[in-house]
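Architecture at a glance
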Amino acid sequence: MNEHTLRRVFRADVIGMCLVLIAIQVLLYGVGTVIRESESHTLFWICMMAAAISFFGAHSRWKVRQLSAALITLGIIAVWIAGAGITGPIVDLIRGLIAAGPQLFPQINYRFETNVPNVVMLWTAIGDSSAALATRLQASIYDGVEARRLSDVLITNMFWMFALWLLSAWMGWFAARRNGMASLLPGVMLLTYLVSATERRAESLWAFVMIMLLLMGIWNFKNHIQHWEIHHIDYSDSIRFDSSQFILLVVAVVGLASYITPSISWRDIRDYLRERQQPQQIETLTRPSSDANTTTQSSQRAHTSSLPREHLLTAGSAQSTEMVMTIKTGELSPVPLQSVSANAPRYYWRSVVYDQYDGRGWFTTSAPPQSISANQTLVAGLLTRHKSLHLDVQMQQPDGRLYWSGVLYSAGVPLAVDWRLRPQSSLFADQTDLLQADMFAARTEATSYAAESLVPTPSIEQLRAASSDEYPEHILRLYFSLPETLPKRVHDLAKEITDGQATPFDKAKAIEAYLRATYPYDLNIPAPPEDQDVTDYFLFDLKRGYCDYYATAMVVLARSSGIPARFVSGYAPGDYDAANAQYVVRELHAHSWAEAYFPGIGWVEFEPTGNQPEIERHASNESAGKTHSEDAVTRPVFGMPISWSVGGLFIPVVIVFFAILIYAAIIERLKLMRMTPHAAIEVLYRRLYRSGRPLAGAPTHAETAHEFTNNLIQTIRAINLDSRDASHDLQSDITDLATIYQSALFSEHRADQQHVKHALMIWKRLRWSLIRERIKYFFWKQNKFPR
Amino acid sequence: MFRHIIIFMKSTLRWNAKAFPLVGFLACVMQIIDPSKAWVILMIAMGGTWLFCFWWVRGLQRSLHFEREMRFGWARVGDRLEERFTLRNDFAMPATWVTVVDGSTLPDHYASIATGVDASSTSQWKITTQCTRRGVYILGGTTLETGDPFGMFTLTFHDTTSSTLAVMPPVIALPRFQILSSGWAGDGRRNPRSLEETINASHTREMTPNDPMRLIHWKSSARYDKLLVHQFEGNPAGSWWLLLDLDHRAQLGEGFNSTEEHAVILAASIAARGLQEDHPVGLAINAHEGTLLHPRRNEYQQRALLKALAVASPSEMSSKDYLQRIGGSISSRSSLLIVTANADAEWTESLLPLTWRGIMPTVFLLDPNSYGASADISAFSHALESMNVSCHVISRELIGERHGLIGEEGKWEWRVSGTGKAVAIKAPVADWRRLA
């Protein structure tokens, strides 16, 4: 390949276009966190089409408005076709119509075989698909109006598709103008939003920003070359190499820094340095860390079995009102009146789940790796029988700090916690952890975290309908086991309680009801004998106890009755603080309960402890659905819940802010450039007039622009008597703008785009300066002419 | 030297990517409120790049020095003008691109260039231009534009220093022409020790630039409330009044081969010859900017005459009207040398009153036929002949052939020695000097 060919291939325009294509691909990869990935291939071509139309449209004679309207229309059509899945029928229909052409126009002296029934059938298929899609869209819009979650994945994807179409068109448009920043900045904003909300695929944002920087460098250089060639300015070839070299170097350095920085833990660096400086203290310092690691790896080993909270037996903490944590779910608004009692939903704050019972207590077995095939739902009943819940947890105890290895509390099935992995204590030992870690969130001083949970909301009808023959393999393996030493009378009791109950749910309810009704709650109980099964001791000998005993008994009896169950510890809902709309959890709310598994639904909580309120369930699907929608306080946007927390509120503010910024930076300029130079300059002068009129005083009869600016400048001088130098530029700008305006009006030479650009530049400087002067003028007037 | 220059360079820094610091700042705030990898990436990649570029450009703003020098303050058509540009960068980062935009008005002077300067280094280059057109031109100011490679900032330096360059018309060697002297033989012979051409003041006239203060006639000035100076009798063997007629209706040809250019060259050459022969030479130009220089013979007169000729451009006024208007200013009994391309006999009538005052005209007519027109100049010749006025018809070739030989300033001449070594036998003598 000779030098000429290489130069053609490595032209700035070619490289720029390649980078835009890569940027589209990266964008789609990043957006893949919220849309169905299976459609990414189609989506890529749709985005490519939008970018190409926009790119070539920008080089055509089409006006911005015309092109925008065309792109929106085409986008709607493309998204509709893709959404309805009618690409194939449409292509066939077009073929059929082409074949029918000669029959309609006899001038065409050629005959195809026309299959009219097929054409009609295709048309019908297209119509049916479109009608079905319209119905789904209508339902989704209705959901949106009712502030319900947008649950139709297809419609959600179509919304995303359309948004990406517009975004790609925007990229193509500014790619034609070689404006790297304007082209990719909206994409950066979108990816930032998605990454910050999901904490997934951060590399897409990183790559997108790097592409933006590269494009800015390449197109900046290309624009310079073009400018030099137009103005016949001789330029050196060395500029090309110097610029390319520094663009690549800066992007590489910045890229590396932005990739690694989020993964550096300053705490670890500090620890590392301390360890180096104080070798004697290494052991002392590393011991907790080792313990923590041991705990982190707890899932790999079985624990020594025991009842989870033996400390309760002392009854000390069990009655302590010491606050453990406060939790905000955002479901209810704060109620300032103390007299108003809020009917807050009850949630169990889960911490640890135990699956194995050995007669003495509970332990957790290791969780082996699981193979999940494509399109398999990870959480049973995810889409229909759960509601998502956002939690903001503020820890108060122990000592108000969170630790890497600590236990986090959340309601239901935890989906995501804004908590990062901790790098290994030896610096850069594990790159995987290192690159996933977050420097700023990795501080041990943190006392709060946010979590996303799925709370099961099945109706009784659904629970009864759950089949007892479709338990997954891991459920069968882990959650039916009982020790062989379990006395027979326990099994007999289970059989006795559940006798006559048709469904697993009814059996579980019967056990729950039996335990709640039969055994009184008591914290002051003796420790169980060494040689006796705990459940047997509680059911038949002790016959009283606290939550651990109830939950243990419930799980053992359920398993004995053929229901997969498990023991869960954590905290009961606690006290609801209506004034602050938060749950206040104290030590006395420490609690254990049981969960039973229902195929197609998942784990469902049961409350066997007598002193706790019974869990309320809805009888039918309708009532469950209704309650679900009423309870759903998280506001879904395109399938992704956003809580109206500080971060949530901030996003609209940021969007509005950027809209203003984009207007000020781009739209305003575009609008002015589209006008005739004369009119644009007049618009800018009018703005000066409007802003400066209060300062220039009342208008005189037939006041000229010169007189107006003179009055304005005199006032500004009077205000800035002490700092004349500071206002000199402002005065000069006012004079310049007025001169340009007068020249445009009266000069023989017609104003051109350069004049408009100059006037706009002046106005941009003047805009804020005049606001500042008006504020100063207000105070100056107050001082000079006090009332 | 450079430090001195910086004082005159006003620089402006334009922010082209305002979104970057904004995004960086917002990311920083959001990282504090709601930590996420996204904010860190934005903060480092966008905010960091912006800060880095800002540091880079601010460094260039403080450390980029520019100097522009030239060799000559004036030149003649055909001379080579040489300019030297020096760009020094004291900063630790390079200026990958610097656009130097020249605001000079000199024709064919292409000094605008795009270049780069490495870190802590100096770049120097020269521009050589052959002066092809007479006139007074401005060299400078200069605008330097530079920035970071991403285009986030544009740094503009405005070097307002400029210099006026007068490109004089060339002076060519003319064949001997007979210039008729006026007056009477031996009349008013010049006293070699007198300060002026003659000692006889004939009348007063309005003071013009270059008139010495000692010639002011204070009584008349007080009476008429304007400065009036003595007008001396012409020296019959001395004063030459050169009248360059640039009536636009009579001009033929375009560019360098036009009657306008050739008339200017002819006038400049006649003036040079007159001064060389120790005649006081005055100049009146029927041009767009009317010029009247009274006869002098001092050393500055030639430059004054050439400067006036350098900017001469065709006038709307007819030759006849101009002669009538200027006639009163011409000293009696002096030689009037008229350079014109107007072969219309009508205007010659205006010469008659002058001859009555002892002024003896000599006409140099640029032959319209040699400039592509077909004109009969016999009537014109007869009219002059009838008035006993001498007329020289100058063909285009006479000026054109000699025109090609001019222009010596700034020219190098080389001789190749027997060993193949090039030895400069003529080099530009003037030193470099900055634009004022």
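A short tour of the structure in this document, coming up. Residue positions are given per chain, counted from 1 along the sequence in the order it is written. Both sets of labels track the order of writing: A upward for chains, 1 upward for ligands. Local features in a predicted model are, by the rule used here, given only for residues with pLDDT of at least 70; side-chain atom pairs are given and counted only at 80 or more, and totals for whole chains, interfaces and linings are based on all residues. Side-chain calculation: all heavy atoms of the structure are included, whereas hydrogens and water are not.

**A closer look at the overall build of chain B**
To keep things clear, this is the line we draw: Starting at the N terminus, helices and strands are each numbered in turn, a helix being any DSSP run of H or I of at least four residues and a strand any DSSP run of E of at least two. Classification of residues uses two cut-offs on accessible area relative to the type maximum, computed with a 1.4 Å probe and protein chains only: under 20% is buried, over 50% is exposed, and between them is partly exposed. Throughout, a residue-residue contact means that at least one pair of heavy atoms, one from each residue, lies within 4.5 Å.
Of regular secondary structure, chain B possesses 10 helices and 20 strands. By residue count, 55% of the 436 residues in chain B fall in the buried class. Look at the contacts in chain B between residues 6 or more apart in sequence, and 74% of them connect residues 24 or more apart.

**Concerning the packing of aromatic side chains**
Residues and elements named next belong to chain A. Test applied: Pairing of aromatic side chains here covers Phe, Tyr and the six-membered ring of Trp, requires ring centres within 6.5 Å, and sorts the geometry by plane angle: under 30 degrees stacked, over 60 edge-to-face, intermediate tilted.
In this structure the tally under the stated criterion is 45 aromatic pairs over all chains. Centroid distance Trp206 to Tyr259: 5.1 Å. Interplanar angle 70°. Geometry classified as edge-to-face. Remark: Tyr259 occurs in helix H10 (residues 238-260) and Trp206 occurs in helix H9 (residues 202-230); sequence separation between them is 53 residues. We classify Trp206 as partly exposed; its relative accessible area is 24%. Judged by relative accessible area, Tyr259 falls into the partly exposed class, the value being 37%. Each residue in the set Tyr514, Tyr519, Tyr521, Phe538, Tyr546, Tyr549 and Tyr550 is aromatic and connected to the rest through ring pairs, giving one cluster.

**Side note on a positive patch on the surface**
Here is the rule: To count toward a patch, a residue needs a relative accessible area above 30% and no salt bridge. Like charges then connect within 9 Å, nonpolar side chains (Val, Leu, Ile, Met, Phe, Trp, Tyr) within 5 Å. Here, Shrake-Rupley sampling with a 1.4 Å probe gives the accessible areas, and only protein chains in the shown set may cover a residue. Any carboxyl oxygen of Asp or Glu within 4 Å of a side-chain nitrogen of Lys or Arg constitutes a salt bridge here. Positive: Lys, Arg. Negative: Asp, Glu. His and the chain ends are not part of the count. All charge positions are set by atom: Lys at NZ, Arg at CZ, Asp at CG, Glu at CD.
A cluster of basic side chains, namely Lys63(A), Arg65(A), Lys671(A) and Arg674(A), defines a positive patch on the protein surface. Here Arg674(A) falls in the partly exposed class, since its relative accessible area comes to 48%.

**Here's the deal with the interface of chain A and chain B**
How we decide: Buried area counts how much accessible surface, traced with a 1.4 Å probe, disappears from two parts once they are put together, with both parts' losses summed. Pairs of N or O atoms are called polar contacts if they sit within 3.5 Å, as long as, within protein, a hydrogen donor faces a hydrogen acceptor (for residues adjacent in sequence, only side-chain-to-side-chain pairs).
In this assembly, 49 residues from chain A lie in contact with 43 residues from chain B. Summed over both sides, the interface of chain A with chain B buries roughly 3900 Å², with 79% coming from carbon and sulfur. Counting every contact that joins chain A to chain B gives 0 salt bridges. Between the two partners, chain A and chain B, sit 4 residue pairs in polar contact (both at pLDDT 80 or more). For the side of chain A that touches chain B, the secondary-structure elements that each account for two or more residues are helix H8 (180-198), H9, strand S1 (234-235), H10, helix H13 (431-436) and helix H21 (646-674) of chain A.

**Focus on the packing of helix H5 (residues 259-276) of chain B against helix H6 (residues 301-310) of chain B**
Residues and elements named next belong to chain B. To keep it simple, the criterion reads: Working convention: axes come from line fits to C-alpha atoms, limited for helices to the stretch in contact. Angles between N-to-C directions cover 0 to 180 degrees. Roughly parallel means an angle under 35 degrees; roughly antiparallel means over 145; roughly perpendicular covers 65 to 115; every other angle is labelled oblique. Residue classes follow a fixed rule: Ala, Val, Leu, Ile, Met, Phe, Trp, Tyr, Cys and Pro count as nonpolar, while Asp, Glu, Lys and Arg count as charged, and any other residue, Gly among them, counts as polar.
Look at H5 against H6: their axes get within 10 Å of each other, and the N-to-C directions meet at 170°. One finds that H5 runs roughly antiparallel with respect to H6. Contacts between H5 and H6 involve Val264, Ala267, Ala268, Ala271, Ala272 and Leu275 on the former and, on the latter, Gln301, Gln302, Leu305, Leu306 and Leu309. Across the contact of H5 with H6, the residue classes break down as 9 nonpolar, 2 polar and no charged.

**Describing the environment of Leu684(A)**
All names here are of chain A. On the secondary structure map, Leu684 appears in helix H22 (residues 677-696). Relative accessible area serves as the criterion here: at 0%, Leu684 is assigned to the buried category. Residue contacts for Leu684: discarding those within four places in its chain leaves Leu672, Leu737, Val756, Ala759, Leu760 and Trp763.

**Comments concerning a nonpolar patch on the surface**
Residue and element names in this part refer to chain A. Taken together, the side chains of Trp768, Ile771, Ile775, Phe778 and Phe779 make up a nonpolar region of the molecular surface, amounting to roughly 560 Å² of accessible area. Turning to its location among the elements, Trp768 is positioned in helix H25 (residues 753-784). Residue Trp768 is classed as exposed on the basis of its relative accessible area, which comes to 59%.

**Section: helix H19 (residues 547-560) of chain A**
All names here are of chain A. Heads up, the rule is: Here a helix's expected span is defined as the number of its residues, less one, multiplied by 1.5 Å.
Over its 14 residues, H19 extends 20 Å from the first C-alpha to the last, a length consistent with the 20 Å expected when each residue adds 1.5 Å. Burial runs high along H19: 13 of the 14 residues are buried. One or two steps after H19, the chain reaches Gly562, where phi turns positive at roughly 90°.

**Topic: the pattern of salt bridges**
Following the criterion strictly, the structure yields 25 salt bridges over all chains and no others. Note that Glu773(A) and Arg772(A) form a salt bridge whose closest N and O atoms lie 3.9 Å from each other. Given a relative accessible area of 1%, Glu773(A) falls into the buried group. On the basis of relative accessibility, which here comes to 43%, the residue Arg772(A) falls in the partly exposed class. Lys320(B) is paired through a salt bridge with Glu349(B); the nearest N and O atoms lie 3.8 Å apart. Of the two residues, Lys320(B) is situated in helix H7 (residues 319-326) and Glu349(B) in the loop between strand S15 (335-340) and helix H8 (352-356); the sequence distance between them amounts to 29 residues. For Lys320(B), a relative accessible area of 23% corresponds to the partly exposed category.

**Observations concerning the sheet that holds strand S12 (residues 240-245) of chain B**
Residue and element names in this part refer to chain B. What counts, and what does not: When DSSP finds two or more bridges between a pair of strands, those strands are recorded as paired.
On the basis of which strands lie adjacent, the open sheet formed by 6 strands has the order S14-S13-S12-S15-S16-S17 and mixed pairing. Taken across any chain shown, the strands that pair with only one partner, and hence form the sheet edges, are strand S14 (291-296) and strand S17 (390-394). Pairwise comparison of adjacent strand axes, ignoring direction, gives a mean angle of 15° for this sheet. With 6 bridges connecting them, S15 and strand S16 (residues 360-366) associate as parallel partners. The residue bridging Ser335 from the neighbouring strand is Met360, located in S16. Contacts from H7 reach S12, strand S13 (281-286), S14 and S15, with the element oriented near 135° to S13.

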